[in-house]
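Structural overview for review
Residue strings, one per chain:
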Amino acid sequence: MESVLKLKFRLIVFAFFCSASGENDWNLCGSWIHGDGPLTLAVNVSTGCHALSVSANQSSLSIAGQFTAHCRRFDVIDLSKQFGLDPAEVDTPFCLFWEPSLDQLKLKIGGKMLSLCWPKQLQDFCCSELSDGHKTPTVTYGISRAVVKNDAITQETRAGYTFSGHLVAYTTLCDEWNRTATKVNSMGDYPCPRTAVLDPRGKDSAVYFTESVSAEPSVMVHIPPTFQHHVKNTSNVVITSFKRNTLFQPAVNHTKVINEVVEITVGNEIVTDLTDPITIDFYHDVIDRNYSRKCVSWDTNKDPLQVNWLLDGCETLEHGGQHTECRCNHLTYFSILVQLEARPVHHLLALTIITSLGCAVSLICCIALIIHLCRKRRSNDQSIPIHLGLASSMASLYLVFFLSPILANAGGEGVCLWVAPLLHYALLTSLTWMGLEVFHTFWLVYVVFNTSRKPHIWNVIGFVFPAVPVLILISVGDIYGLREVHQYEDPSEPYLMCWMKSSQKAMLAHYCTNMTALVLLLCSGLVTLYMVYRQIRTRDEWKQNRVAFFSIWGLSCLFGTSWCLTFLDVGFLSTSVLFLFCILNSFQGLLLMLRFCMVDWMRKRTSSSSSVGSSSSGSTRQHMLQSQEKC
């Protein structure tokens, strides 16, 4: 029963892979049963329309046959070294995609999408309607659980499969597909590519493609007059628009090509470093401002196997939510890449510098404050152990946070498995000690007969309790690791740090622990601040502006109310709030030390000018600020 359930699960996965391709594409999905040695991919593809053969053995997966219109490829690719395919996983899922209208062949294996034949504009005929040929015998190593276009072939492990091709007129195929697409999609998207030829020496230097139904432009390409000086021969400029952008999606899941892909070529020439850039205008659906979009290009000479979209050589100009202008200084494939993960951060470099500087300064201040509080430990002030716990937890938080990006870049995922839980623990201890400050302040204000508590009770609550959720998350697994923070200016160069992963399970853990603790802290802190204000507003000292200001400001530092700015990170306030959040929280150690120093200075000044403030043994409620803020 268990084996049947596993088989059904794999068939569902394969069907999902196949559904990512177009309705009329041919695809073969299955599991490659191989040994634990080095793994290779053998490709022997040539033109014609005879047959496509896919076979596998203990160490090699082979794709061969005569079924392409232009593509010729003979290559042996080391999957283990080049793409990190783990031989220990002796059951490796794969999917082979064949798009006859584009002469494109792609292989998805080990989480990588390999382009074995690049998309091209066809002219006359293409090899389509591949049908299953003769069956090979069952073997130990080979292809198991094969699925062709969502139809399961067999559960057995076979040495390979052969599929016969049929020659079909390209125009007939595209006309049929266009009619099908128009019925399914009211926008009338073209499954087949569209081509325009432009003479760079002519008067018309622009070409545009329209939607089939609305007749509105979807792509417009403008060639500058100086372009002809960069071309060696007299060939025309060929511009091809590929509406089927699913064929050009990058291997990573957090980005997506959202518009047509445009290929610009001049014969077999490689044209780069144009004096005046080529302008490509993309008209698309509305893109929310929270997602970044960039003009990108895919250089098949540099990345022949994988679709690797790069920002090199292109400038992005946004004209509203539906129009993006790309200015590029070379010829290749072009499109728009949108960041789909967490919103890219504007001014990430400036924020990183501010945060690093703030953490370093706060760490030094917290260490100085710890030394100062340790010297005062013999006094009768029962709030010192709580202040000392808060300063210690914040010092550890700033230290681990400061080292996190350094260790992430140096050690990668392996180091982050240890550093990320430590950083999470340091954050939770800081929030817990802030909560203890809230509770202790409430105790001083509203409990007349104040009994002292042993310091070890505070330490157990402040340092042991936060370790419980961290240990639970470690036992759950796949929560902590390497985290990428993408910058708006250059999404291809992310900022690395050790923290919770970006998966849904990690996000759920983040909200259940960090956000829950933060909400509880902020609510209790704001309520306690209000109660403190009600109790001390009638005191004579409260009429002095400096005392009032430093009392509320000091308690705000203790209660961590600056963290509430994270809930204001919306809309047009986003950038300003983010800078303010980084400044206040990264420099919170400095603010905390200044608060203690100013309160100590004010207490000494009050004691010297009034014998009542220093000798009175009144109730704790009356002298709450003095005993709470005393260093």
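From a predicted model like this one, the values you see are computed outputs, not experimental measurements. (Residues numbered from 1 in each chain as written. Predicted model: local features only at pLDDT ≥ 70, side-chain atom pairs only at ≥ 80, totals over all residues. Heavy atoms only, no water.)

Turning our eyes to something else, we now look at the overall build of the chain. Scanning the chain from N- to C-terminus turns up 13 helices and 25 strands. Looking at the chain residue by residue over its 631 residues, the buried ones come to 48%. Long-range contacts, defined as pairs at least 24 residues apart, comprise 71% of the intrachain contacts of the chain with a sequence gap of at least 6. Element-wise, carbon and sulfur atoms account for 59% of the exposed surface of the chain, whose accessible area totals about 30,700 Å². (Helix = DSSP H or I, 4+ residues; strand = E, 2+ residues; numbered from the N terminus. Buried < 20%, exposed > 50% of the residue type's maximum accessible area, 1.4 Å probe, protein only. Contact = heavy atoms within 4.5 Å. Areas by Shrake-Rupley, 256 points an atom, 1.4 Å probe, with all protein chains shown as cover.)

The predicted coordinates ought not to be read in detail in places where the model reports low pLDDT. Chain-level pLDDT for the chain is 76 on average; 73% of the residues reach the 70-or-more range. With pLDDT under 50 throughout, residues 1-24 is counted as low confidence; its partners more than four residues away or in other chains account for 33 contacts. Across residues 182-189, confidence stays below pLDDT 50; counting only partners more than four residues off in sequence or on other chains, it has 10 contacts. (pLDDT = per-residue confidence, 0-100.)

Soluble globular proteins: nonpolar side chains tend toward being buried together. Membership of the largest hydrophobic core comes to 50 residues, with the highest contact counts inside it found for Met-394, Met-434, Tyr-480 and Met-500. Elements represented by at least two residues in this core include exactly helix H4 (348-375), helix H5 (384-446), helix H7 (467-476), strand S25 (495-500), helix H8 (504-536), helix H10 (574-586) and helix H11 (588-609). With 23 residues, H5 is the single largest residue contributor to this core. By size, the runner-up hydrophobic cluster in this structure holds 35 residues, among which are Val-54, Ile-77, Phe-83 and Leu-107. (Core = buried A, V, L, I, M, F, W, Y, C linked by side-chain atoms within 4.5 Å.)

Bringing empty space enclosed by the protein into the picture now. Taken as a whole and assessed by the stated rule, the structure comprises 2 cavities of 30 Å³ or more. Each pocket or cavity is described by its volume, and for the second largest cavity that value is around 40 Å³. Residue lining of the second largest cavity: Leu-79, Phe-83, Leu-85, Ile-109, Gly-110, Lys-112 and Leu-114, and that is the complete set. Listing elements by their share of the lining of the second largest cavity, those giving two or more residues are helix H2 (79-83) and strand S8 (112-117). For the lining of the second largest cavity, the residue count by class is 5 nonpolar, 1 polar and 1 charged. (1 Å grid on protein atoms, 1.4 Å probe; cavity = no way out; pocket = protein on both sides within 12 Å on 5 of 7 lines; lining within 4 Å. Points joined across faces, edges and corners; volume = space filled by probe spheres on them. Nonpolar A, V, L, I, M, F, W, Y, C, P; charged D, E, K, R; others polar.)

Right, let's get into the side chain of Glu-260. The residue Glu-260 is located in the loop between strand S17 (255-257) and strand S18 (261-265) in this model. Here the side chain of Glu-260 touches Ser-218 through a polar contact of 2.6 Å, side chain to side chain. When sequence neighbours within four positions are dropped, the list of residues in contact with Glu-260 reads Arg-194, Ser-218, Val-219, Ser-241, Phe-242, Lys-243, Phe-282, Phe-334 and Ser-335. (Polar contact = N/O pair within 3.5 Å; in protein donor to acceptor, adjacent residues only side chain to side chain.)

The next point concerns the state of the cysteines. Counted by the stated rule, this structure contains 5 disulfides. Each disulfide pairs two cysteine sulfurs, and for Cys-29 the partner residue is Cys-95, the sulfurs being separated by 1.9 Å. A torsion of 115° about the S-S bond marks the disulfide between Cys-29 and Cys-95 as right-handed. Here Cys-29 is found in strand S1 (residues 26-33), whereas its partner Cys-95 is found in strand S6 (residues 91-99), with 66 residues between them in sequence. Both residues of the pair, Cys-29 and Cys-95, count as buried. The partner cysteine of Cys-416 in its disulfide is Cys-498, sulfur to sulfur 2.1 Å. Residues Cys-416 and Cys-498 are joined by a disulfide whose S-S torsion is about -65°; by sign, that bridge is left-handed. Residue Cys-416 is located in helix H5, and its partner Cys-498 is located in strand S25; the two are separated by 82 residues in the primary sequence. Note on Cys-416: relative accessible area 0%, which makes it buried. The thiol sulfur of Cys-365 is not disulfide-bonded, and the nearest other cysteine sulfur, from Cys-366, lies at 7.0 Å. (Disulfide = S-S within 2.5 Å.)

Let us now look at unusual backbone geometry. Positive phi is not limited to glycine here, since Arg-145 has a value of about 55°. Despite not being glycine, Asp-478 has its phi angle at roughly 60°, a positive value. Here Asp-478 is to be found in the loop between H7 and strand S24 (480-485). According to the relative accessible area criterion, Asp-478 is partly exposed, its value standing at 44%.

Attention now moves to the packing of aromatic side chains. For the structure shown, the criterion picks out 7 aromatic pairs. Here the aromatic rings of Phe-67 and Trp-98 are separated by 5.0 Å at their centres, their planes lie at 90°, and the arrangement is edge-to-face. Of this pair, Phe-67 sits in strand S4 (residues 60-68) while Trp-98 sits in strand S6, and the two are 31 residues apart along the sequence. Each of the two residues, Phe-67 as well as Trp-98, counts as buried. Ring geometry for Phe-242 against Tyr-333: centres 6.2 Å apart, planes inclined by 40°, an arrangement best described as tilted. With Phe-242 in strand S16 (residues 237-242) and Tyr-333 in strand S23 (residues 333-339), this residue pair connects regions lying 91 residues apart in the sequence. The same class applies to Phe-242 as to Tyr-333, namely buried. (Phe/Tyr/Trp six-rings, centres within 6.5 Å; stacked < 30°, edge-to-face > 60°.)

Attention shifts here to the sheet that holds strand S19 (residues 278-283). Across the sheet, 5 strands lie side by side as S14-S15-S19-S22-S21; this open sheet has antiparallel pairing. Here the strands that pair on one side only, and so sit at the sheet edges, are strand S14 (206-210) and strand S21 (314-318). Recorded for the sheet is a direction-independent mean angle of 15° between the axes of neighbouring strands. In this sheet, strand S22 (residues 323-328) lies alongside S21 in antiparallel orientation, the contact comprising 5 bridges. Looking at S22, one finds that Thr-316 is bridged to Cys-326. (Pairing = 2+ DSSP bridges. Axes fitted to C-alpha atoms, helices over the stretch in contact; angles between N-to-C directions.)

Looking now at the pairing of S8. Taking burial as the measure, the 6 residues of S8 include 5 buried ones, the bulk of the element. With 5 bridges joining them, strand S7 (residues 104-109) and S8 adopt antiparallel strand pairing. Bridge pairing in S8 links Leu-105 to Cys-117. What sits between S7 and S8 in their antiparallel hairpin is a turn of 2 residues, with Gly-110 showing a positive phi close to 60°.

A separate point is the environment of Leu-388. Its location among the elements puts Leu-388 in helix H5. Under the relative-accessibility criterion, Leu-388 is labelled buried at 10%. Sequence-wise, Leu-388 and Trp-433 are 45 residues apart; in three dimensions their C-alpha atoms are separated by 9.5 Å. If near-sequence neighbours (up to four positions away) are discounted, Leu-388 is found in contact with Ile-370, Leu-373, Cys-374 and Arg-377.

Quick look at the pattern of salt bridges now. One pass over the full model with this rule turns up 7 salt bridges. A salt bridge links Lys-501 to Glu-413, with the shortest nitrogen-to-oxygen separation between them at 3.8 Å. Within this pair, whereas Lys-501 is found in the loop between S25 and H8, its partner Glu-413 is found in helix H5, the two being separated by 88 residues in sequence. Overall, the relative accessible area of 22% leaves Lys-501 in the partly exposed class. Judged by its relative accessible area of 33%, Glu-413 falls in the partly exposed class. Ionic pairing is found between Asp-478 and Lys-501, a salt bridge with its closest N-O pair at 2.8 Å. Taken together, the residues span a long stretch of sequence, with Asp-478 in the loop between H7 and S24 and Lys-501 in the loop between S25 and H8 at a distance of 23 residues. The network of salt bridges with shared partners includes Glu-413, Asp-478 and Lys-501. (Salt bridge = Lys/Arg side-chain N within 4 Å of Asp/Glu carboxyl O.)

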